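As a plain string of letters, each chain reads:
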Amino acid sequence: MMQRCSTTAALAAILLTAATAAGAAAPGPVFDAPDTDYNAQIWANAVGGGARVPGATLEIGGEGFKPGQRIQFSRGLTPLLPSPITADAQGRISGTWTIPADAVPGVHPIVLTTESPYYAEVLPLKLSQVVPLLDNPRLRRTDAAVAPGLYQLAYSTQQNALYATSATGYPPNERSRLLEIDPQTLKIRREVTVATMPGDAGAAGAYGIGLDETRGNLWVTNTRQDALAVYDLKTLSLKKQFEKGSARHSRDVVIDAQRGRAYVSLVRDAAVAVFDARTLEPLPSIALPPAGKEVFSPASLSLDADSGTLYVSSLTGAEIAVIDGPAGKVVRRIPVPGADSTIGLDVDAKGGKAYVAAQGSDNLVVLDLKSGNVLHDVTVGSGALNVVYEPSQKLAYVVSRAAGTITVVDGDGKIVANLGDALKANHLIADGKGHVFVVDKSGQGKDTDDITRLEWAAAR
């Protein structure tokens, strides 16, 4: 105890001496009462909705501060703002900061400090690398404005049609539609408005989408309502609306038509929900317990239709869970080295490869499924979100939502095209005929979102 008291006294003397020497001494205690109920929220978005890259200007915002509280951000000993920001009467702050053009990409610890009352915490600021755009004269692109709030796509071989989910607004004022789209013209053939669930004032928003062509069903996840629904593939009429709580924060849905199973990723439940695709009744879910420190948060699903094996990416970590679908159990966990927040996933089972898009590390990681070894690690753009493997050309396509790019990577891990003008690109699919379709969501500064069709011209 005496040693602690002596050390404290010496530290106080040093601080007081330093403050006096700097002319900073002021009435009142050096250590005034700290902010014991600090609960502020901070955000920093690139102006124009782009990526946080060197040279970009960030709009800094926050709420939950004490009125009149002064806030400064620093990296090491260097303040990032010329003067602190003062919270307004509602406890909100706003300001701008330009990232230095010579800043090194990576995650930088930024210190937030407040005054009157005092608080401090360290916040991670991720700066992404700029991946240069690259056109390819053989890659043909067609863009079409289709509908607002587009989210996911699916393709039906039987109907030769694209199906898209659309949701806008927030409950209870959400509007949601299911769309059947001509894959050649990208025009809407038919559409239905998603029904309102009992007790709701707005629509049950449609987000994830999966096809069961064997039974003529279209499965849709109602993410905000913790539910899902089944529609008729030909008429888009509602066959079954599952109740709230049937699939908590449902995201993706894939159908194993051969074995009559529908799988739904439950982002907040560390589990995959399972449904009987024949009877449309729930079956026991498949738990995904943590393999390490991080809770498994299921995101994208990829199914090997031949074996019934289901692959699931974890948003909160860097791993893939391998599920024996017929047995309903996890049989393997595959780490994804060099990745952070592994959200997008597509598996080429015949080629023995997994393609993983990681939004936290802005890269595409290609894994050997048998050994788990990394075959390629390719930086593709800020906010890499989803990936699809197109087998006819043996190419992987990645959409990076913050960068607004579509990146095409060949079997050697080389970028063969990197297309811009895809702001807020959200989802993409391959139709099995050499075409890839991409959808953006609320990213073009327009009332209507786009679908992009990509195809390769024959080599001369």
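All values reported here derive from a predicted model rather than from experimental measurement.

Reading the values: the criteria
Residues numbered from 1 in each chain as written. Predicted model: local features only at pLDDT ≥ 70, side-chain atom pairs only at ≥ 80, totals over all residues. Heavy atoms only, no water. Helix = DSSP H or I, 4+ residues; strand = E, 2+ residues; numbered from the N terminus. Buried < 20%, exposed > 50% of the residue type's maximum accessible area, 1.4 Å probe, protein only. Contact = heavy atoms within 4.5 Å. Areas by Shrake-Rupley, 256 points an atom, 1.4 Å probe, with all protein chains shown as cover. Lys, Arg positive; Asp, Glu negative; His and termini not counted. Charge placed at Lys NZ, Arg CZ, Asp CG, Glu CD. Salt bridge = Lys/Arg side-chain N within 4 Å of Asp/Glu carboxyl O. Polar contact = N/O pair within 3.5 Å; in protein donor to acceptor, adjacent residues only side chain to side chain. Pairing = 2+ DSSP bridges. Axes fitted to C-alpha atoms, helices over the stretch in contact; angles between N-to-C directions. Phe/Tyr/Trp six-rings, centres within 6.5 Å; stacked < 30°, edge-to-face > 60°.

Here we take up the overall build of the protein. Within the protein, the secondary structure is distributed over 1 helix and 36 strands. Its C-alpha atoms give the protein principal-axis dimensions of roughly 80 × 55 × 45 Å. A total of 460 residues make up the protein; the buried ones form 49% of that total. A separation of at least 24 residues holds for 46% of the contacts in the protein among residues at least 6 apart in sequence. Of the roughly 21500 Å² of accessible surface on the protein, 53% is carried by carbon and sulfur atoms. Looking at the protein, you have 43 positive and 47 negative side-chain charges, and the mean spots of the two groups are 3 Å apart.

Moving on to the side chain of Asp 431. Among the structural elements, Asp 431 can be located in the loop between β34 (425-430) and β35 (436-440). Salt bridges are absent for the buried Asp 431, whose nearest opposite-charge side chain, Lys 433, sits at 5.7 Å. Within polar-contact distance, the side chain of Asp 431 engages the backbone nitrogen of Lys 433 at 2.7 Å. At 3.4 Å, the side chain of Asp 431 forms a polar contact with the backbone nitrogen of Gly 434. The residues contacting Asp 431, other than those within four sequence positions of it, are Tyr 155 and Phe 437.

With that out of the way, let us pick up the pairing of strand β36 (residues 449-456). For β36, the tally of buried residues reaches 7 of 8 residues, placing the bulk of the element in the interior. Two strands pair when backbone bridges link them, and strand β9 (residues 139-147) and β36 are joined in this way by 8 bridges, in the antiparallel orientation. The residue bridging Thr 142 from the neighbouring strand is Arg 453, located in β36. Taken together, the 4 bridges between β35 and β36 define a ladder with antiparallel strand orientation. Pairing of Val 438 across the sheet is with Thr 452, part of β36.

Sheet topology places strand β12 (residues 175-181) next to strand β13 (residues 188-193); 5 bridges connect them, and they run antiparallel. Bridged to Glu 180 within β13 is Arg 190. In textbook terms, the turn of a hairpin is the stretch between consecutive antiparallel strands, and for β12 and β13 this stretch comprises 6 residues, one of which, Leu 186, has a positive phi near 60°.

It is worth spelling out the sheet that holds strand β31 (residues 395-400) at this point. Pairing in this open sheet of 4 strands is antiparallel, and the strands run β30-β31-β32-β33 from one edge to the other. In this open sheet, the two strands that pair with only one neighbour each are β30 (384-390) and β33 (415-419). Shown here is a sheet whose adjacent strand axes are inclined to one another by a mean of 15°, direction ignored.

A word on the environment of Val 408. Structurally, Val 408 can be placed in strand β32 (residues 405-409). Between the C-alpha atoms of Val 408 and Phe 437, which are 29 residues apart in sequence, the distance is 13 Å.

This part covers the packing of aromatic side chains. The tally for this structure, following the rule as stated, stands at 7 aromatic pairs. On the basis of an interplanar angle of 50° and a centroid distance of 6.2 Å, the ring pair of Trp 219 and Phe 275 is categorised as tilted. You can see Trp 219 sitting in strand β15 (residues 217-222) and its partner Phe 275 sitting in strand β20 (residues 271-276), a full 56 residues away along the chain. Judged by relative accessible area, Trp 219 falls into the buried class, the value being 0%. Among the aromatic residues, those joined into a cluster by ring pairs are Tyr 38, Phe 65 and Tyr 119.

Right, let's talk about the environment of Leu 81 for a bit. Inspection of the secondary structure puts Leu 81 in the loop between β4 (78-79) and β5 (85-86). On the basis of relative accessible area, Leu 81 is assigned to the buried category, the value being 8%. Each C-alpha atom, one on Leu 81 and one on Thr 98, is 9.5 Å from the other, the two residues being 17 residues apart in sequence. Not counting residues up to four positions away in its chain, the partners in contact with Leu 81 are Ile 60, Gln 72, Phe 73, Thr 96 and Trp 97.

Time to look at the sheet that holds strand β18 (residues 250-256). One open sheet accounts for 4 strands, arranged β18-β19-β20-β21; its pairing is antiparallel. Strands with a single pairing partner mark the edges of an open sheet, and in this sheet they are β18 and β21 (282-287). Across the sheet, the mean angle from the axis of one strand to that of its neighbour is 25°, orientation sign disregarded. Relative to β21, β20 runs antiparallel, the two sharing 4 bridges. Opposite Val 274, over in β21, you have Leu 283 as the bridge partner.

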